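# Structure assessment
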Amino acid sequence: MQFGIFTVGDVTPDPTTGRTPSEHERIKATVAIARKAEEVGLDVFATGEHHNPPFVPSSPTTLLGHVAALTERITLSTSTTLITTNDPVKIAEDYAYLQHIADGRVDLMMGRGNTGPVYPWFGKDIRQGIALAVENYALLHRLWREDVVDWEGKFRTPLQGFTATPRPLDGVPPFVWHGSIRSPEIAEQAAYYGDGFFHNNIFWPMSHTKKMVGLYRQRFAHHGHGAPEQAIVGLGGQVFMRKNSQDAVREFRPYFDNAPVYGHGPSLEDFTEQTPLTVGSPQQVIERTLGFRDAVGDYQRQLFLMDHAGLPLKTVLEQLDILGEEVVPVLREEFAKLRPAGVPEAAPLHPAVLGRNPKETS
Amino acid sequence: MTQTSGPVNLVVVSAGLGVPSSSRLLADRITESVRRELAGGREVRVTVVELRDLAVPIANNLVTGFPAEPLADAIDAVTGADGLIAVTPVFTASYSGLFKSFLDLIEPDALTGKPVLIAATGGTARHSLVLEHALRPLFAYLRALVVPTAVYAASEDWGGSGDPMTDTLPDRIARAGRELATLMASRTAAEPDHATATADLFA
């Protein structure tokens, strides 16, 4: 199983000091967090993509290319790549290039984006969100698999004799996840292609996540990619930990109460009960995370949100130490013990990462 | 989905804030009227949703994007009802903010084709057209089937006939109840099959 972190990249004032980091500080902090993730033994670092303040990560492959140079082992991913408003041709090229730079340590997650104005800013219509995701991904899928593409669709200019360059590393495209909170069409899309399905999970009740993953698994089998339990599932999670759970609650509460997404709404206690948010001891995080398996079955990737709501870099790095030292090793062992034979341990890694020559193994 | 046997689900949403409230009083009178009209062998199961009890979960849902459990149950009850009675007090020339906030949390297509009886309460009969210029368009947008008679109860209606030139409150309640019962009895549901529609995307 793969464990990692995903960042939204929000620039949020620290409610305990009132200080807002500059964009430059936030970007540099993101790089430090990514390096730390590898240092503490995590498997995945994923960045969001946003095109409006107060978010900084508008250029994910610039960030991930830089992180690739500073790391050795960690998989670089996205959470999410906007398949609706980006040109699929540019996604094909950017991420194939990143694959080469990172020697195959790349996968990515498609998402639609939920900020209304971003669509018109990029010349698109949010009412066509699903249709854009479907058409653009169909094209992207071909661009990575066919050397010369003739194509015509509704949303971009036609292509005649087009070759996306560079070609995917060793001819193997990056593994793709499709992320959606509530659209069954996207679960269907992931299932249709036999790609991974990621549910953000945080901010939502587990019952909802369970329903979406269940639909994906069932359709994955319907489309002939394997048994439902062999589908590739990823979940988000959100934690804040201290040795004593009371200390964790006391320290995290002001960040929770003022958080951009859920702040000034439900209490910390209500929200931790209703959603997967866990604020407490490492042992509580272990138990809660193992509980996700009860809802969705054995799954392949767990990403935690660790660096939002204005938490200072120092605190985030401490959290990553706890995650890497006390939580993930236990989770790896427990999940491995529970996972039946025949269920994939993780999302497929690129052959270059596994040290295999794809031509020999295929 | 409408069933031809088993109980009929009648759901009542009351946005009154007082305890007891005149909106609830009106809701109960209308409920009895509908129940009487529906009486014909089938059991009528009545679920009352008091929005006052859900005020905090409603506000939280607006912030977080998902309903806490008691609110989720209320939304399920409303969207699964065979018929709906919606009663709001008139606040500042319209339905109350709490009433609208609750409806804002219901999926836009979840009330399509649903028989609805709209009613309102107020201190004076001068606000009675709120039913026609605020509530009826709201439910028209949601593609609900709103019965022709909307029931408005001003304070004076509780004390007698009010205006001698119009029907009394009990008359209006009885007529509206009859209309809702007729609509509920004749309703044939056609719910969209989501799985089929989704699969078609990739066909």
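Right above here is the structure, for reference.
Attention in this report is confined to the structure presented alongside it. Since the model is a prediction, treat every value here as computed from it, not as a measurement.

### A few points about the overall build of chain B
When its secondary structure is counted, chain B shows 7 helices and 7 strands. Taken from the N to the C terminus, the helices and strands of chain B come in the order β-α-β-α-α-β-β-α-β-α-β-β-α-α. In chain B, which comprises 203 residues, the share counted as buried stands at 40%. Considering only residue pairs separated by 6 or more positions, chain B has 77% of its internal contacts joining residues 24 or more positions apart.

### Observations regarding the overall build of chain A
Across its full length, chain A carries 13 helices and 12 strands. Overall, chain A is about 60 × 45 × 40 Å in size when its C-alpha atoms are taken along their principal axes. Within the span of chain A, comprising 362 residues, buried residues form 47% of the whole. Put simply, of all contacts in chain A between residues at least 6 apart along the chain, 74% involve residues at least 24 apart.

### Considering unusual backbone geometry
Residues and elements named next belong to chain A. Cis peptide bonds are those with omega within 30 degrees of zero, and the linkage from Pro 53 to Pro 54 qualifies with 10 degrees. Structurally, the position occupied by Pro 54 is in the loop between β2 (44-47) and α2 (60-70). Of the consecutive residues Thr 165 and Pro 166, the connecting peptide bond is found in the cis state with omega at 0 degrees. If you trace the backbone, Pro 166 turns up in the loop between β7 (159-162) and β8 (175-179). The phi angle at Asn 201 is positive, at roughly 70 degrees, despite the residue not being glycine. Under the C-beta neighbour-count criterion, Asn 201 is labelled buried, with 28 such atoms within 10 Å.

### Section: the interface of chain B and chain A
Think of interface size as the accessible area that goes away when the parts come together; that is how it is often given. Taken together, the 11 residues of chain B in the interface contact 15 residues of chain A. Among the elements of the structure, α2 (55-64) and α7 (194-200) of chain B are those that each provide at least two residues to the side of chain B that touches chain A. Residues belonging to the side of chain B that touches chain A are distributed by class as follows: 6 nonpolar, 5 polar and no charged.

### Description of the environment of Met 184 of chain B
Residue and element names in this part refer to chain B. Examined against the element boundaries, Met 184 turns out to sit in helix α6 (residues 169-186). Classification of Met 184 by C-beta neighbours within 10 Å gives buried; the count is 25. Counting along the chain gives 40 residues from Met 184 to Ala 144, while the straight-line C-alpha distance between them is 12 Å.

### A look at helix α4 (residues 97-104) of chain B
All names here are of chain B. Among the residues of α4, Leu 98, Phe 99, Phe 102 and Leu 103 are the ones counted as buried. Seen end-on, α4 carries its buried residues on one side only, within an arc spanning 135 degrees. Buried-residue contacts for α4 involve α2, β3 (83-91), β4 (94-95) and α5 (130-141).

### Considerations on the nonpolar core
By size, the foremost hydrophobic cluster in this structure holds 90 residues, and its most contacted members are Phe 45, Phe 197 and Tyr 216 of chain A. In contact with Tyr 216 of chain A, other than residues within four places in its own chain, are Ala 187, Ala 190, Ala 191, Phe 197 and Ala 231 of chain A. Among the nonpolar cores identified, the runner-up in size contains 55 residues, and Ala 15, Val 44, Leu 103 and Val 146 of chain B belong to it.

### Some details on the environment of Pro 344 of chain A
All names here are of chain A. Secondary-structure assignment places Pro 344 in the loop between α11 (313-338) and α12 (351-354). C-alpha separation for the pair Pro 344 and Gln 230, spaced 114 residues apart in sequence, amounts to 6.2 Å. The contacts of Pro 344, once residues within four sequence positions are left out, are Gln 230, Ile 232 and Gln 300.

### Section: the packing of helix α6 (residues 184-193) of chain A against helix α7 (residues 206-222) of chain A
Any two packed helices are characterised by the angle at which their axes cross and by the distance between the axes. Residue and element names in this part refer to chain A. Axis separation between α6 and α7 bottoms out at 8 Å; the angle between their running directions is 35 degrees. Read as a crossing pair, α6 and α7 show a hand that is right-handed. Within the contact between the two elements, α6 uses Pro 184, Ala 187, Glu 188, Ala 190 and Ala 191 and α7 uses Met 212, Leu 215, Tyr 216, Arg 219 and Phe 220.

### What about the pairing of strand β12 (residues 301-305) of chain A?
All names here are of chain A. With 5 of 5 residues buried, β12 is to be regarded as a mostly interior element. Judged by which residues are buried, β12 turns out to be covered on both faces: Arg 301, Leu 303 and Leu 305 on one side and Gln 302 and Phe 304 on the other are all buried. The pairing of strand β10 (residues 233-241) with β12 spans 5 bridges and is parallel. Looking at the pairing, Gly 236 lines up with Leu 303 of β12.

### Here we look at the pairing of strand β1 (residues 8-14) of chain B
In regular strands, side chains alternate between the two faces of the sheet. Residue and element names in this part refer to chain B. For β1, the buried fraction is high: 6 of the 7 residues fall into the buried class. For β1 and strand β2 (residues 44-50), the ladder comprises 7 bridges, and the chain directions are parallel. If you follow Val 13 over to β2, its bridge partner there is Val 49. Summarising the sheet, β1 and β3 pair through 5 bridges and their orientation is parallel. Across the sheet, residue Val 13 finds its bridge partner in β3, namely Ala 86.

### Notes on helix α1 (residues 23-39) of chain A
Residue and element names in this part refer to chain A. In this model α1 runs 24 Å from its N-terminal to its C-terminal C-alpha over 17 residues, within 8% of the 24 Å that 1.5 Å per residue would give. Within α1, burial applies to Arg 26, Ala 29, Thr 30, Ile 33, Ala 34, Lys 36, Ala 37 and Glu 38. Along its buried surface, α1 packs onto β1 (2-7), β2, α2 and α11. Just beyond α1, the residue with positive phi is Gly 41, at close to 95 degrees.

### Let's talk about the environment of Val 44 of chain B
Residues and elements named next belong to chain B. Tracing the chain through its elements places Val 44 in strand β2. Taking C-alpha positions, Val 44 is 6.2 Å from Asn 9, a pair spaced 35 residues apart along the chain. Beyond its immediate chain neighbours, meaning those up to four positions away, Val 44 contacts Pro 7, Val 8, Leu 10, Arg 35 and Leu 38.

### With respect to the packing of helix α5 (residues 129-143) of chain A against α6 of chain A
Residue and element names in this part refer to chain A. Interhelical geometry of α5 versus α6 gives an angle of 15 degrees and a closest axis separation of 11 Å. Here α5 is positioned roughly parallel relative to α6, judged by the angle of their axes. Seen from above, α5 lies across α6 with right-handed handedness. Taking contact as the criterion, the partners of Ile 130, Ala 133, Val 134, Tyr 137 and His 141 in α5 are, on α6, Glu 185, Ile 186, Gln 189 and Tyr 193.

About the cut-offs
Residues numbered from 1 in each chain as written. Chains lettered and ligands numbered in written order. Predicted model: local features only at pLDDT ≥ 70, side-chain atom pairs only at ≥ 80, totals over all residues. Helix = DSSP H or I, 4+ residues; strand = E, 2+ residues; numbered from the N terminus. Buried ≥ 20, exposed ≤ 12 C-beta atoms within 10 Å, placed from the backbone. Contact = placed C-beta atoms within 7 Å. Nonpolar A, V, L, I, M, F, W, Y, C, P; charged D, E, K, R; others polar. Arc of directions from axis to C-beta. Core = buried A, V, L, I, M, F, W, Y, C linked by C-beta atoms within 7 Å. Axes fitted to C-alpha atoms, helices over the stretch in contact; angles between N-to-C directions. Left-handed = near helix turned anticlockwise from the far one by under 90°. Pairing = 2+ DSSP bridges. Expected span 1.5 Å × (residues − 1). Parallel < 35°, antiparallel > 145°, perpendicular 65-115°, else oblique.

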